[in-house]
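# A closer look at the structure
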Amino acid sequence: MPNTRQPSELQGLTRVGPKVENALNRLGLYSCRDLLFHLPARYEDRTTRVEVAHLKPGIPQLLEGEITSQSVIPGRRMQAILTFEDISGAARIRLFHFSRAYLMTLKSAQSVRIFGEPRFNQGVTEFIHPEIAVFKGDPPPLDDTLTPIYPTTDGLSQPKLRDIIRQALAKGPDYYALEELLGTTQTSHRPALWDALVALHQPAKGLPPSPFIERLAFEELLAHRLLLLTRRDDYVRFQAPQLKTKAMATRTALLEQLPFHLTLAQQRVLNEIDQDLTHGHPMLRLLQGDVGSGKTLVAALVALPLIEAGFQAALMAPTELLSEQHAVQFSEWFRPLGIAVGWLTGSMKAQPRRIMLEQLKNGTCQMVIGTHALFQDEIVFKHLGLAIIDEQHRFGVAQRLLLREKGQSLTPHQLIMTATPIPRTLAMTHFADLDVSTIDELPPGRTPVETRVLSQARASEISERLDAQFDDGGQAYWVCTLIEETEQSVAEAAESRTEKLRLQLPHRRIGLVHGRMKADEKSQVMAAFADGNLDLLVATTVIEVGVNVPNANIMVIENPERLGLAQLHQLRGRVGRGARVSFCILLAGDAISQQSRERLNLVKDTNDGFVLAEADLRLRGPGDVTGTRQTGELSFRVANLADHADLLDEIAELAETIRRKHPDIRQQLIARWIGHEEHFAHV
Ligand code: ADP
Ligand code: MG
């Protein structure tokens, strides 16, 4: 894309020098054309003048009038207090950053225009640091378009960026000759690209009409999908270990050793995966299935023939706790088959760690289980053939690609497992680089968990209920949540809850795990619970994923309103794993909103993880469902899944055509919407 790489083009704009250009580059903007596709995050309305007497709370508004008095209040933090008046009344303006010269300018002004959000404080209307524009005579006419607010960066103010983009737009459509990249079937019934861009940058009064937004969202979603497909293509064109149907002795042996049969769903996904493995190209597959559906066993059965054929397999779990459980489980399954199972975590001592690394390097460790430590740079495998990633949401697209380097001459297959069902809209956007297999059936004999929502005030009654269950030989989890606070204070909440419960249930054995404990302390407590030597385990959400103690039949969650629905469902999945009737008690805070109450009732009313994930997506947006909110991975400028889901089928079809037949268009769309690929690769 050499034509979009002309740094001097930006400096050709008025008031753009090297420093500003640098800031623009940091935003991924290298040309005027890039500026056109840098779209507003929101708008402010400066098209109408509001009088002091008619201000509304909560939104910034524009006023015109005069500054009629000024005073400076000395002190550690100097303040200027100004009086602003228009024909309807007066308001106070407070400034904390100002110079004498600035105050003089305000004094000599004949009129001012201010823009800011009013506060109403004991009968006084007040503005803290509004934008103030000063005029010698009458103010110029008001804007007739909404004011766009752009994503920006340090050293590039909103008005400056706005001015720069306005200049880029002023060059007009002929300057850009924006090619239609979509083909006439998609564009004939939609507005032209240029018109849509103008409508978004400079919307006439009122928000831009949806056909314009949709026109751009279509292209943007298409570009994102193409990027994921491109990355997938880049990964799968390499050679990977090829499954030989002869290498099935260990799999057969494990299946014979199990006290149960695979469910039909497990059998089906195993076949799907086996198909992938015969091609000689790397698999990139997402395995989704509700908590307890038996994904781990499927992963083990996939690993066996590859190990039998001489390759290594690695399983990465999101927490140390879970990695240990997996390590125990895999040892139980694999050691009788003569397969060496290793465990690698971040908190390991130097000596055992060195030995482990050596065994990975020389290939004597055939199956390794660990946390993120597993795929660090310094870890070298002899023949990594399969990487299994449990609970994918903390593992991003970029990391998936890096795994290629772990495979030496052959690229490893990837199996990514999740118990958080991916709604279709997300699967088609954020996970478009993966094939999907779904286990849609639980093993027989599970009893559905009965869920209740109780108020916090009834916490003491619950201890009686627990006591009765313990008499019957049951066990319980008690989860403390405090996501707004630090890990430290969650730990403290869990400690104080433990103390209270010990007072209420003095004759019971109560343990505690939280994220601030040392790894071996945690695993001691977990082991005691798993062996039935504890009745009750108080915990933070460290036990959220994967922990498997079939005898546990009660889950109490404090302040469940603070968690996402999918997360609550995960926690609830820790019980209902054995034959005992199981309960999940959501101890809601006293002052929760109506909406929170409805969310909790939804958890009460359905045991279907898919329904809950869809609801999460609707209520909290995709970041929470995918866990990518912090990284901002794949966030859209225009599109949003709630409004544009119905475009996705058309987009998928078109993306396929472009991918196969028009690599040039693919590159252009990606550059237009996401940035230059060489630039993007470093994100
Ligand atoms: P998840 O899908 O949540 O990771 P697990 O793999 O932890 O589920 O499986 C939960 C439990 O169910 C484990 O104890 C596992 O051994 C058992 N399990 C797996 N498959 C079956 C099956 N087909 N029949 C009975 N139990 C099974
Ligand atoms: Mg699991």
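The rules behind each value
Residues numbered from 1 in each chain as written. Chains lettered and ligands numbered in written order. Predicted model: local features only at pLDDT ≥ 70, side-chain atom pairs only at ≥ 80, totals over all residues. Heavy atoms only, no water. Helix = DSSP H or I, 4+ residues; strand = E, 2+ residues; numbered from the N terminus. Buried < 20%, exposed > 50% of the residue type's maximum accessible area, 1.4 Å probe, protein only. Contact = heavy atoms within 4.5 Å. Areas by Shrake-Rupley, 256 points an atom, 1.4 Å probe, with all protein chains shown as cover. Salt bridge = Lys/Arg side-chain N within 4 Å of Asp/Glu carboxyl O. Core = buried A, V, L, I, M, F, W, Y, C linked by side-chain atoms within 4.5 Å. Pairing = 2+ DSSP bridges. Axes fitted to C-alpha atoms, helices over the stretch in contact; angles between N-to-C directions. Expected span 1.5 Å × (residues − 1). Near = heavy atom within 4 Å. Polar contact = N/O pair within 3.5 Å; in protein donor to acceptor, adjacent residues only side chain to side chain. Nonpolar A, V, L, I, M, F, W, Y, C, P; charged D, E, K, R; others polar. Phe/Tyr/Trp six-rings, centres within 6.5 Å; stacked < 30°, edge-to-face > 60°.

### Considerations on the overall build of the chain
Secondary structure summary: the chain contains 27 helices and 22 strands in total. Along the first, second and third principal axes, the C-alpha set of the chain runs to 90 × 65 × 50 Å. Going through the 683 residues of the chain one by one, you find that 53% of them count as buried. Across the chain, every contact between residues at least 6 apart in sequence was considered, and the portion connecting residues at least 24 apart equals 75%. Accessible surface, the chain as shown: approximately 31000 Å² in total, 51% of it carbon and sulfur.

### Here we look at the pattern of salt bridges
With the rule as written, the count across this model stands at 28 salt bridges. A salt bridge links Glu-64 to Arg-49, with the nearest nitrogen and oxygen atoms 3.0 Å apart. Of this pair, Glu-64 sits in strand β2 (residues 61-73) while Arg-49 sits in the loop between β1 (42-44) and β2, and the two are 15 residues apart along the sequence. The class for Glu-64 is buried, based on a relative accessible area of 15%. Among the ionic contacts, a cluster of salt bridges with common partners joins Arg-268, Glu-272, Asp-276, Arg-285 and Asp-440.

### Here's the deal with the nonpolar core
For soluble globular proteins, the rule of thumb is that nonpolar side chains tend to be buried together. In this structure, Leu-24 and Leu-669 are the most contacted members of the largest nonpolar core, which totals 80 residues. Each residue touching Leu-669, except ones within four places of it in the same chain, is listed here: Leu-181, Leu-182, Glu-219, Leu-222, Ala-223, Leu-226 and Ile-658. Formed by 39 residues, the second largest nonpolar core is a distinct cluster that contains Leu-315, Ala-317, Phe-330 and Phe-334.

### Comments concerning the sheet that holds strand β3 (residues 79-86)
Within a sheet, each strand pairs with its neighbour through backbone hydrogen bonds, oriented either parallel or antiparallel. In spatial order, the strands read β6-β7-β4-β3-β2-β5-β8; together these seven strands make up an open sheet with mixed pairing. Pairing within the sheet leaves two strands with one partner each, and these edge strands are β6 (119-121) and β8 (131-135). The mean inter-strand angle of the sheet, taken between neighbouring strand axes irrespective of direction, is 40°. In the sheet, β3 pairs with strand β4 (residues 89-95) via seven bridges, with the strands oriented antiparallel. Bridge pairing in β4 places Leu-82 opposite Ile-93.

### Some remarks on helix α14 (residues 350-362)
With 13 residues, α14 ought to run about 18 Å at 1.5 Å a step, and its terminal C-alpha atoms sit 18 Å apart, in line with that. Considering only its buried residues, α14 is in contact with β11 (312-316), β12 (341-344) and β13 (367-370).

### Some points on the site of ligand 1
Around ligand 1, a shell composed of 17 residues is seen, among which Gln-266, Gly-292, Lys-295, Thr-296 and Arg-446 lie nearest. The contact in question runs from a nitrogen atom of ligand 1 to an N or O atom on the side chain of Gln-266, over 2.8 Å. About the coverage of ligand 1: the protein hides 85% of its 560 Å² of free accessible area. At three residues, helix α12 (residues 295-308) tops the list of elements feeding residues into the shell around ligand 1. For the shell around ligand 1, the class distribution of residues is five nonpolar, eight polar and four charged.

### So, the packing of aromatic side chains
Following the criterion strictly, the structure yields six aromatic pairs and no others. Measuring from ring centre to ring centre gives 5.8 Å for Phe-330 and Trp-333, while their planes differ by 70°; the resulting arrangement is edge-to-face. Placement of the pair is Phe-330 and Trp-333 together in helix α13 (residues 320-334), with a separation of three residues, close to one helical turn. You can call Trp-333 buried: its relative accessible area is 9%. Both rings, one in Phe-330 and one in Phe-334, keep their centres 5.2 Å apart while their planes meet at 80°; by these two values the pair is edge-to-face. With Phe-330 and Phe-334 both in helix α13, this residue pair falls four residues apart, about one helical turn. The class of Phe-334 is buried, set by a relative accessible area of 0%.

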